[in-house]
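Observations on the three-dimensional arrangement
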Amino acid sequence: MTDHFEMSSDESTSSELRFDSLPDRECAVEAIVVATRKFAQSSGVVVCVPGKGDSIPDLTRCERFRYADQYGPFADALRQGEEVTIATVLKAGEVVAFGFAEVPSEDGVEIMTIDVAIESRRSSGEKATIEINGESFEIGIGHVLVLALIESLGADAVTTNATTSSARYLFTSLGLLSTDEENSCLLRREKH
């Protein structure tokens with residue numbers, strides 16, 4: 001019984017739940033977007049979203065990433081002209097984050113994978129903090145990456161399946177909303 005209570009208590013203070021409870025969601029998302037751009041600028045990172053025929057940054061030190069094995073196949077798909085999007089965040093010329101979006105469908109474009117190098121994650125201290133309505137929220141390299149993906153996709157809608165609270169906070173703080181009453185992991189944003 002004690003373990004269940006402690007887990008519930010931790011969940012109630014998560015960034016995801018605190019962000020979702022803010023009274024003016026649209027203003028909160030705009031504040032996060034502005035803070036993300038400032039963070040990217042002050043961190044000295046460069047965002048790269050190569051098109052067909054552009055060079056794709058090499059991924060070095062693959063052990064720093066959870067999904068490094070997906071980088072090569074997506075890079076090959078882009079080189080072969082498939083409708084995929086790759087975004088990378090580089091620091092000092094090295095990839096510190098990457099993300100992929102799949103082929104567009106009638107539902108929009110799905111962001112399939114995002115990955116941030118272990119030492120560049122918010123949990124490792126690579127972050128900025130913003131206050132919204134008296135609540136503190138962290139902005140990190142993942143925000144820079146997802147914002148680049150959202151802004152580079154030429155679809156009317158962006159979707160994702162964010163399976164952790166941390167990932168859901170990242171996506172919802174940039175404007176995606178839950179679309180399924182039975183599965184809060186399915187998120188969507190209509191582009192305007």
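Residues numbered from 1 in each chain as written. Predicted model: local features only at pLDDT ≥ 70, side-chain atom pairs only at ≥ 80, totals over all residues. Heavy atoms only, no water.

Our next topic: the environment of Glu 126. By the element assignment, Glu 126 lies in the loop between strand 4 (109–116) and strand 5 (127–132). Between the C-alpha atom of Glu 126 and that of Phe 39, which follows or precedes it by 87 residues, the distance is 9.9 Å. Residues within four places of Glu 126 in sequence aside, it is in contact with Phe 39, Ser 43, Lys 91, Glu 119, Ser 120, Arg 121, Ile 139, Gly 140 and Ile 141. A polar atom in the side chain of Glu 126 sits 3.1 Å from the side chain of Lys 91. (Helix = DSSP H or I, 4+ residues; strand = E, 2+ residues; numbered from the N terminus. Contact = heavy atoms within 4.5 Å. Polar contact = N/O pair within 3.5 Å; in protein donor to acceptor, adjacent residues only side chain to side chain.)

As a further point, take the packing of helix 3 (residues 25–43) against helix 5 (residues 141–152). The N-to-C vectors of helix 3 and helix 5 enclose an angle of 110°; their axes lie 9 Å apart at closest approach. Comparing their axes, helix 5 and helix 3 come out roughly perpendicular. By crossing handedness, the relation of helix 3 to helix 5 is classed as left-handed. Of helix 5, the residues touching helix 3 (which contributes Ile 32, Val 33, Thr 36, Arg 37, Phe 39 and Ala 40) are Ile 141, His 143, Val 144, Leu 147 and Glu 151. (Axes fitted to C-alpha atoms, helices over the stretch in contact; angles between N-to-C directions. Parallel < 35°, antiparallel > 145°, perpendicular 65-115°, else oblique. Left-handed = near helix turned anticlockwise from the far one by under 90°.)

Right, let's talk about the side chain of Thr 172 for a bit. Position of Thr 172 among the secondary structure elements: in helix 6 (residues 165–172). Beyond its immediate sequence surroundings of up to four residues, Thr 172 is in contact with Phe 19, Asp 20, Arg 25, Val 29 and Leu 187.

Positive phi, normally seen in glycine, also occurs at Arg 61, with a value near 50°. Positive phi values are uncommon outside glycine, yet Asn 133 reaches one of about 50°. Examined against the element boundaries, Asn 133 turns out to sit in the loop between strand 5 and strand 6 (135–140).

Turning next to the environment of Leu 177. Structurally, Leu 177 is set in strand 8 (residues 177–178). Taking the C-alpha atoms as reference points, Leu 177 and Leu 187, separated by ten residues in sequence, lie 5.0 Å from one another. Each residue touching Leu 177, except ones within four places of it in the same chain, is listed here: Arg 25, Leu 186, Leu 187 and Arg 188.

Core analysis: the biggest nonpolar cluster contains 40 residues, and Phe 19, Ile 32, Val 89, Ile 111, Ile 132, Phe 137 and Ile 141 have the highest contact counts within it. At the level of secondary structure, the elements contributing two or more residues to this core comprise helix 3, strand 2 (85–91), strand 3 (94–101), strand 4, strand 5, strand 6, helix 5 and helix 6. Counting residues in each nonpolar core, the second largest holds 16 residues, with Phe 74, Ala 77, Leu 78 and Val 84 among its members. (Core = buried A, V, L, I, M, F, W, Y, C linked by side-chain atoms within 4.5 Å. Buried < 20%, exposed > 50% of the residue type's maximum accessible area, 1.4 Å probe, protein only.)

The next point concerns helix 6. Taken across its eight residues, helix 6 has six buried, putting it largely inside the fold. Within the sequence span of helix 6, burial applies to Ala 167, Arg 168, Tyr 169, Leu 170, Phe 171 and Thr 172.

Turning next to the pairing of strand 2. With six of seven residues buried, strand 2 lies mostly within the body of the structure. Where strand 1 (residues 45–48) lies against strand 2, four bridges are found, and the strand directions are antiparallel. Paired with Val 46 across the strands is Leu 90, a residue of strand 2. Here strand 2 pairs with strand 3 via seven bridges, running antiparallel. By the bridge assignment, Ile 86 is partnered in strand 3 with Phe 100. Counted between consecutive antiparallel strands, the loop separating strand 2 from strand 3 contains two residues, among which Ala 92 sits at a positive phi close to 55°. (Pairing = 2+ DSSP bridges.)

Let us look at helix 4 (residues 71–79). Taken as a whole, helix 4 has its buried residues at Tyr 71, Phe 74, Ala 75, Ala 77 and Leu 78. Relative to the axis of helix 4, the buried residues are bounded by an arc of 160° and lie together on one face. Buried residues along helix 4 sit against strand 2 and strand 3. Gly 81 sits one or two positions beyond helix 4 and adopts a positive phi of about 90°. (Arc of directions from axis to C-beta.)

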